[in-house]
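# Remarks on the overall topology
Given next are the chains, with one letter for each unit.
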Amino acid sequence: MEAYHHQLMWDSRQTQRVYDTFVDVWDCEELWVTLDRLNLNPPNVKNRDRALIAPTEEGFDIELHWDVDSTREVLPQRVQGIIALHDTRAELGGFQCSPELFRQFDRWKLDQPEGRDPVRPGTDRAEFPVVRPELRAGDLLIWNGMLAHGVAPNTSDNGVRAVQYLSMMPALEEHQALRKSRIESWRNLSTPDWNATLVGDATRHESERYGTAELSELGEKLLGLSSWHPDNA
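Residues numbered from 1 in each chain as written. Predicted model: local features only at pLDDT ≥ 70, side-chain atom pairs only at ≥ 80, totals over all residues. Heavy atoms only, no water.

Attention now moves to unusual backbone geometry. Of note in this structure, Lys46 is not a glycine but carries a positive phi near 55 degrees. For Lys46, the position within the fold is in the loop between β2 (38-41) and β3 (79-84). Not every positive phi belongs to a glycine, and Leu189 is a case in point at roughly 55 degrees. Among the residues examined, Leu189 registers a relative accessible area of 3% and is labelled buried. (Helix = DSSP H or I, 4+ residues; strand = E, 2+ residues; numbered from the N terminus. Buried < 20%, exposed > 50% of the residue type's maximum accessible area, 1.4 Å probe, protein only.)

Here it is in structure tokens:
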């Protein structure tokens, strides 16, 4: 869902309880919030039937994948997160993951051939089960970036699975170009440029729908508008 700066999205990002949770995860108070979007998964039928997606031997797999290159010698330290926007019923699909693969990853990778797919595990689900955690509206789910995960299909007649992608990372205030880009994206409601998959709405961009979101003192720091260390800014 190509929206990044609606006020309600920023209200979630700058909620003290959400911030405190990521402080616990990183053991760090100086954080930036990711500028990501929403996910809406309506019933996967008709022209949204997943059977219409041409199968490939490797690469992104919506049902189970990593968002990082799992073949790197030094794996990135990364966490990802979602806030459930309503209760997730089984037929709505939603987040799923392979926790056993995460636990056994170091052993598993030793048995894999050279040139294996860096983002698609291709594992036996009997050996490495895929599970779906039950989420209630308002639940915040955080996972390690090396946890293979995906979205189960929505098999309902008319229900929609909706979440907000939301994570945080240690602030990179010394990277002035990145900091400026984040501020301009918020102020002008322009599509963030950190990832080529973030494309914006080609029909009617969010900048034509509403104004700049209001930030709290915490929100200004999480964006990069205000420094965590004003004396050094």
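Moving on, we get to the pattern of salt bridges. Side-chain pairing between opposite charges can occur once the charged atoms of the two side chains come close. Summed over all chains, the structure comprises 11 salt bridges. With its nearest N and O atoms 3.7 Å apart, the salt bridge here joins Glu63 to Arg50. On the criterion of sequence distance, the pair formed by Glu63 in the loop between β2 and β3 and Arg50 in the loop between β2 and β3 is long-range, its members being 13 residues apart. Taken together, the shared-partner salt bridges connect Arg50, Glu63 and Arg125 into one network. (Salt bridge = Lys/Arg side-chain N within 4 Å of Asp/Glu carboxyl O.)

Core analysis: the biggest nonpolar cluster contains 23 residues, and Trp10, Tyr19, Leu31, Met168 and Leu222 have the highest contact counts within it. At 4 residues, the largest contribution of residues to this core is made by helix α2 (residues 16-26). Those residues in contact with Leu222 that sit more than four places away from it in its chain are Arg13, Gln14, Tyr19, Leu31, Trp32, Val33, Met168, Arg182 and Trp228. (Core = buried A, V, L, I, M, F, W, Y, C linked by side-chain atoms within 4.5 Å. Contact = heavy atoms within 4.5 Å.)

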